[in-house]
Amino acid sequence: MADAATRKRAAELRDEIEHHRYRYYILDDPEVSDAEFDRLVRELQRLEATHPELDHPDSPTKSVGAPPDPAFTAVEHRRRMLSLDNAFDTSELDAWFDRVEKGLDDSEPSYACELKVDGVAISLAYVDGWLERAVTRGDGRTGEDITAGARTIDPIPGVLNLDRPPALLEVRGEVFLPVSAFEEMNAAREALGEERFANPRNATSGTLRQKDPRITAQRPLSMVCHGMGAIEGLEVASHAEFLSFLAAAGLPVAPETRTGLDRGRVREYIRYWQAHRHDPDYEIDGVVVKVESHAHQRQLGATSSAPRWAIAYKYPPEEKETRLLDVRVNIGRTGAANPYAVLEPVFVGGSTVTYATLHNQDQVRLKDVRPGDVVMVRKAGDVIPQVIGAVTAKRPPEVWRAGPWRFPDTCPFCGSPIERLEGEAASYCTNLDCPNRRLEALDHFASRGALDIEGLGYETAKLLLDLGMVEQFADIFYLDRDALLALQGWGQKKTDNLLAAIEAAKGQPLERLLFALGIPHVGGTVARLLARHFGTLNAVRAATQEEIAAIDGVGPVIAQAVRQFFDNPRTAQQVDRLVAAGVRTDTGATSGRWSVEPVLEGWTVVLTGSLSRFTRDEAKQAVEDRAGKVTASVSGNTSVVVAGDNPGSKTDKAKELGVPVVDEEGFVELLRTGELSD
Ligand code: IVH
């Protein structure tokens, strides 16, 4: 018989091998060399050969790494996934306690309290200790198979860490995105011109429903387990026992859970976490109270939708008072005048809030918030902070005397009249040359989701506008090198880098160009629809309003905005200058799928180590954009290995096989020219 240490090692090896197979076959992003992987497999094979009781038909030593199909299929739950009834205050909680205690012979049952994680419910099925399937809740009876994505979630083990796993263990839990990761992800999405996720829950569910597990893997989802589904070959008498069993098996359980509580302790737990609800790195919307003994749970049973032995105590969305320091108006790139609140910084809903949009002038009038007021600020599940209204009881006399805040009739940046359009809630600065509008427009033009001009951020845009070197965005393509060199702090390198980035931006496909123009209502998605439908800039310019409005997903308001933009002689002239500068005016679809020259056609590139100017995905994309292929491991077919910092064993292998190795500079050169520099 294998001793405990050997069994443990075998379990570790199985888990590690599963993990690396997944990284290799599905994610195409291995973490270890082929040699290291083979070493792990051989070690497990040796253990299985000397201890046949450790052998298993599902062992990774038995199968070759065929990638599972990541498409979703409907799966019936072995046991229904129920929902929970809610209590919104202590009297509703007390009523639940009374019902529970009446339903049991026991007048003082023991309760468990858990945080109610605001995530996405899933069910994991382990058969003989192996993760067979991960399924979303769906309608409670049938959910979607998301096994491929779930395998990329770090705390979900592929194999349970148990010597004698039960024949079947179905465990329910909540998948969530840590708040910190959510904020980073949204910042990145914004920079790419993509829409922000409204809250971590939406981000989690969007991520889980990704068909491509590589995308799931890039987002650091996590999980806590809190419930039991169908089980075979396992006896547990209480919730507390079940949770200890899960923890021992290597499944994630929440450290905040408390068991063995009476009514009074339950109330304390609820009060404590209401005051500390933002301490954990995940969003919670309440506390779940459960009767602990499984015998009690059976006795109480369930209604058609929820167990009688558990209840969710829901917290109200958090609201705080703070001082409204000022109401200001920003002029956006479309000229829209957007009022916003400047607040005395206040910590609410998990982060510090200093600014909050007030949307438009009607909203400010309705709320009657005035500078100097004490206001209520709320940040609910969605992360966008809201000013709910003024606490008029606390309004200082001088603020009463000042009267309602008045929307300015002139632009705070250029003094031109602000006008409200018929039928629209928004007002606009009437000056097309408004300096703030130009700044916002130029900043947008160069942003990552638009023409992606590296080195042309907000500050540089402001500098070039302030100095009059640029007036409109098209001027960017006519910058004078000597004038740039004359600027303080602008050496040759900085200047040439910017000019090279501007030159490269001319090759961006039509959808990027259309988005960059800053046409009202034309975001990334609409720009893509227009580009795909019309194919060329000329075709978009020639289209009638009706033709544009007929595109699925566009509609009359957008169509009118597009027409007005191209009919306006000033904006039309800007577009002419862009075309004269040589920007690409098609999607690239007719000349191939590449928005840049396919200089790497026939190349097979291996990336290793970290690069400073590219993430792994960006580097891969850059190669693929040029018709090249990226593979995970070095072989005789590899054309080149790109070695960043801490490259690992792939460079050794390359040297062994005589495959050229380049550093980041060499890679950039390769992308530009399709040739290896010497
Ligand atoms: S127990 C049979 N415990 O809240 C009862 N649920 O609003 C199963 N949830 O569907 C639920 N944290 O997805 C339980 N600690 C926790 C939870 C929790 C979050 C979710 C769960 C449930 C939903 C009901």
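Residues numbered from 1 in each chain as written. Predicted model: local features only at pLDDT ≥ 70, side-chain atom pairs only at ≥ 80, totals over all residues. Heavy atoms only, no water.

Undergrad: Any chance you could explain the site of the ligand here in plain terms?
TA: Residues in close proximity to the ligand total 13 residues, the closest being Glu114, Lys116, Arg137, Glu174 and Lys290. One of the backbone nitrogen or oxygen atoms of Leu115 is found 3.3 Å away from a nitrogen atom of the ligand. A distance of 3.3 Å separates a nitrogen atom of the ligand from a polar backbone atom of Val117. Relative to its free-state accessible area of 530 Å², the ligand is covered by the protein chains to the extent of 86%. Looking at the shell around the ligand, the elements that each hand over two or more residues are β3 (111-117) and β10 (284-291). For the shell around the ligand, a count of residues per class yields 7 nonpolar, 1 polar and 5 charged. (Near = heavy atom within 4 Å. Polar contact = N/O pair within 3.5 Å; in protein donor to acceptor, adjacent residues only side chain to side chain. Areas by Shrake-Rupley, 256 points an atom, 1.4 Å probe, with all protein chains shown as cover. Helix = DSSP H or I, 4+ residues; strand = E, 2+ residues; numbered from the N terminus. Nonpolar A, V, L, I, M, F, W, Y, C, P; charged D, E, K, R; others polar.)

Undergrad: I tried to follow the packing of helix α21 (residues 556-567) against helix α22 (residues 569-581) on my own but got confused; where do I start?
TA: Packed helix pairs are specified by the crossing angle of their axes together with the interaxial distance, meaning the distance between the axes. Packing of α21 against α22 leaves a shortest axis separation of 5 Å and a crossing angle of 75°. For the element pair α21 / α22, the angle class is roughly perpendicular. Contacts between α21 and α22 pair Phe565, Phe566 and Asp567 from the former with Pro569, Thr571, Ala572 and Val575 from the latter. Taken together, the residues of the contact of α21 with α22 sort by class into 5 nonpolar, 1 polar and 1 charged. (Axes fitted to C-alpha atoms, helices over the stretch in contact; angles between N-to-C directions. Parallel < 35°, antiparallel > 145°, perpendicular 65-115°, else oblique. Contact = heavy atoms within 4.5 Å.)

Undergrad: How should the nonpolar core be read in this particular structure?
TA: Where a protein is soluble and globular, its nonpolar side chains tend to be buried together. Counting 53 residues, the largest nonpolar core has Ile453, Leu514 and Phe566 as the members making the most contacts within it. Sorting the residues of this core by element identifies α13 (435-446), α14 (458-466), α16 (492-505), α17 (510-516), α18 (524-534), α19 (537-542), α21 and α22 as the ones contributing at least two each. A per-element tally of this core places α21 first, with 6 residues. Filtering out sequence-adjacent residues up to four positions away, Phe566 remains in contact with Leu514, Leu517, Ile519, Leu537, Val540, Arg541, Ala572 and Val575. Ile146, Ile153, Ala181 and Val236 belong to the second-largest nonpolar core, a separate cluster that totals 34 residues. (Core = buried A, V, L, I, M, F, W, Y, C linked by side-chain atoms within 4.5 Å. Buried < 20%, exposed > 50% of the residue type's maximum accessible area, 1.4 Å probe, protein only.)

In short, the description is geometric, and any link to function would need to be established separately.
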